[in-house]
Amino acid sequence: MTSVKEFRVAEPATDTALGRGRFVFTDAYSVFDWGRMPDAIPEKGASLCTMGAHNFALLESEGVPTHYRGVVEDGEVVALDDCHDAPREMAIDLATVPDLPVEDGTYDYDAFHAAAGENYLIPLEIVFRNAVPVGSSLRSRRDPEDVGLDTHEWPDEPVSLPEPVVEFSTKFEETDRYLTREEAQRVAGRAALDDCAAIAREVNRVVTERAESAGFTHEDGKIECLYADGEVRVADVAGTFDENRFAYDGQQVSKEVVRQYHKHAQPEWVAAVDAAKREADETGETDWRGRCERDPEPLDPAVVTTVSELYTAGANAYVGRDFFDAPDLDDAVAAARELNE
């Protein structure tokens, strides 16, 4: 179980062979690493499954290796093109996921890889960026010249990058942290970091091209990968409104909408989360939630409807098929734009 997906294992993975299983996409959502929030967004799970399946099919047509096997309809594994309704289940290959020991705030990746064997889920998130919004953490970690910009200071407005930037962050730690290439290679284990970066760039290219053809701007995203048979393959799900940031007519069409809404509507909770993370980091603890002095409040029902329609209208436009009974994308985007005005 993750924050927003359930696992169903048909054949467990071993240290020498991939297993078989399924993702079940729920309508739950998570922001700021909190885990499941107190409410759900109708049809969110189906929209993510639909977009993810569409992208996996595109990636495989481009020769990019993945763990995708199809979607599930009436108990059978089929291609997305053969589905009558938007799917909620995705059939996948499974890799081993050993425990990641931690002691006094230090994670033992040597122990992780000793238990991993020859196939495993790489404990990295591989991030790619085509643009840098004003609030991006990249601005505090890198100088503009480091990412190909011809300026000494970060502009006061969002900026597009001349070439995509690939970064690496932790996957299984309590709070994600960005890594140097040397740190990332140690975390990746047997998997070559250059192969991980190359796969990420290909995913970014495929998703960016598909987004542009549907009228979206693809700003950034992330992937997870597994290592099997000496090869890096795309795992989890790629190119959805949860993993990536898309814009349409200057408006975010992604989980960023609800993230920004919480900053506007529940600033005290967002501040409490930030404070708890800082305190946990300073003391070397991993359970920052136990330090948080506030819990999030549920969304207003009207906000839930607006976000749901944004997900479903966006998915229809992205895959080029009306899987969902959703408003026109222009109308859904206009409603989302009003949330934080």
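Let us look at the structure shown here. (Residues numbered from 1 in each chain as written. Predicted model: local features only at pLDDT ≥ 70, side-chain atom pairs only at ≥ 80, totals over all residues. Heavy atoms only, no water.)

### With respect to the side chain of His113
Thought 1: Among the structural elements, His113 can be located in helix α2 (residues 109–116).
Thought 2: Residues in contact with His113, not counting those within four places in the same chain, are Tyr120, Pro123, Arg186, Val187, Ala188, Gly189 and Arg190. (Helix = DSSP H or I, 4+ residues; strand = E, 2+ residues; numbered from the N terminus. Contact = heavy atoms within 4.5 Å.)

### Brief notes about the packing of helix α6 (residues 256–265) against helix α7 (residues 267–283)
Thought 1: At a minimum axis distance of 5 Å, the contact between α6 and α7 shows a crossing angle of 105 degrees. One way to sum up the angle between α6 and α7 is to call them roughly perpendicular. Across the interface between the two elements, His262, Lys263, His264 and Ala265 of α6 pack against Pro267, Trp269 and Val270 of α7.
Thought 2: Tallied by class, residues from the contact of α6 with α7 come to four nonpolar, two polar and one charged. (Axes fitted to C-alpha atoms, helices over the stretch in contact; angles between N-to-C directions. Parallel < 35°, antiparallel > 145°, perpendicular 65-115°, else oblique. Nonpolar A, V, L, I, M, F, W, Y, C, P; charged D, E, K, R; others polar.)

### What to know about the layout of surface pockets
Thought 1: Roughly 160 Å³ of volume is contained in the second largest pocket.
Thought 2: As for the second largest pocket, its lining consists of Arg141, Arg142, Val166, Glu167, Phe168, Tyr178, Leu179, Thr180, Arg181, Ala197 and Arg201.
Thought 3: Counting only elements with at least two residues in the lining of the second largest pocket, the list comes to β10 (159–170) and α5 (193–213).
Thought 4: Broken down by element, the lining of the second largest pocket gets its largest block of residues, three residues, from β10.
Thought 5: Tallied by class, the residues present in the lining of the second largest pocket amount to five nonpolar, one polar and five charged. (1 Å grid on protein atoms, 1.4 Å probe; cavity = no way out; pocket = protein on both sides within 12 Å on 5 of 7 lines; lining within 4 Å. Points joined across faces, edges and corners; volume = space filled by probe spheres on them.)

### Notes on the sheet that holds strand β1 (residues 5–11)
Thought 1: The sheet built from five strands is open, its strands ordered β1-β2-β5-β3-β4 with antiparallel pairing. Since the sheet does not close on itself, it has two edges, and those belong to β1 and β4 (76–78), each with one partner. Adjacent strand axes in the sheet meet at a mean angle of 35 degrees, parallel and antiparallel pairs treated alike.
Thought 2: Here strand β2 (residues 19–25) runs beside strand β5 (residues 89–94); their pairing, made up of six bridges, is antiparallel. Residue pairing for β5: Arg20 is matched across the bridge by Asp93. (Pairing = 2+ DSSP bridges.)

### Things to note about the state of the cysteines
Thought 1: Throughout the structure, instances matching the rule amount to zero disulfides.
Thought 2: Of all cysteine sulfurs in the structure, the one in Cys225 sits closest to Cys196, which takes part in no disulfide; the separation is 5.4 Å. (Disulfide = S-S within 2.5 Å.)

### Side note on helix α1 (residues 44–61)
Thought 1: For α1, spanning 18 residues, the distance from its first C-alpha to its last is 26 Å, which sits close to the expected 26 Å at 1.5 Å a residue.
Thought 2: Counting buried positions along α1 yields 14 of 18 residues, so the element is predominantly enclosed.
Thought 3: Immediately downstream of α1, the backbone of Gly63 shows phi near 80 degrees, a positive value. (Expected span 1.5 Å × (residues − 1). Buried < 20%, exposed > 50% of the residue type's maximum accessible area, 1.4 Å probe, protein only.)

### Quick word on the packing of aromatic side chains
Thought 1: In total, this model carries 16 aromatic pairs according to the counting rule given.
Thought 2: Between the aromatic rings of Phe216 and Phe246, the centroid separation amounts to 6.1 Å while the plane-to-plane angle is 65 degrees, which identifies the pairing as edge-to-face. Taken together, the residues Phe216 in the loop between α5 and β11 (217–228) and Phe246 in strand β13 (residues 245–248) connect sequence positions 30 residues apart.
Thought 3: For Phe246, a relative accessible area of 0% gives the class buried.
Thought 4: Ring centres 5.6 Å apart and planes at 85 degrees place the aromatic pair Phe241 and Phe246 in the edge-to-face group. Phe246 carries the same exposure label as Phe241, and that label is buried. (Phe/Tyr/Trp six-rings, centres within 6.5 Å; stacked < 30°, edge-to-face > 60°.)

### Description of unusual backbone geometry
Thought 1: We note that Phe32 has phi near 60 degrees; this positive angle belongs to a residue other than glycine.
Thought 2: Tracing the backbone shows Phe32 in the loop between β2 and α1.
Thought 3: Classification of Phe32 by relative accessible area gives buried; the value is 16%.

### Side note on a negative patch on the surface
Thought 1: A contiguous patch of negative charge, built from Asp143, Glu145, Asp146, Asp150 and Glu153, is present on the exposed surface.
Thought 2: For Glu153, a relative accessible area of 59% puts it in the exposed group. (Patch = residues over 30% accessible without salt bridge, like charges linked within 9 Å, V, L, I, M, F, W, Y side chains within 5 Å. Areas by Shrake-Rupley, 256 points an atom, 1.4 Å probe, with all protein chains shown as cover. Salt bridge = Lys/Arg side-chain N within 4 Å of Asp/Glu carboxyl O. Lys, Arg positive; Asp, Glu negative; His and termini not counted. Charge placed at Lys NZ, Arg CZ, Asp CG, Glu CD.)

The analysis is restricted to geometry; functional conclusions fall outside its scope.
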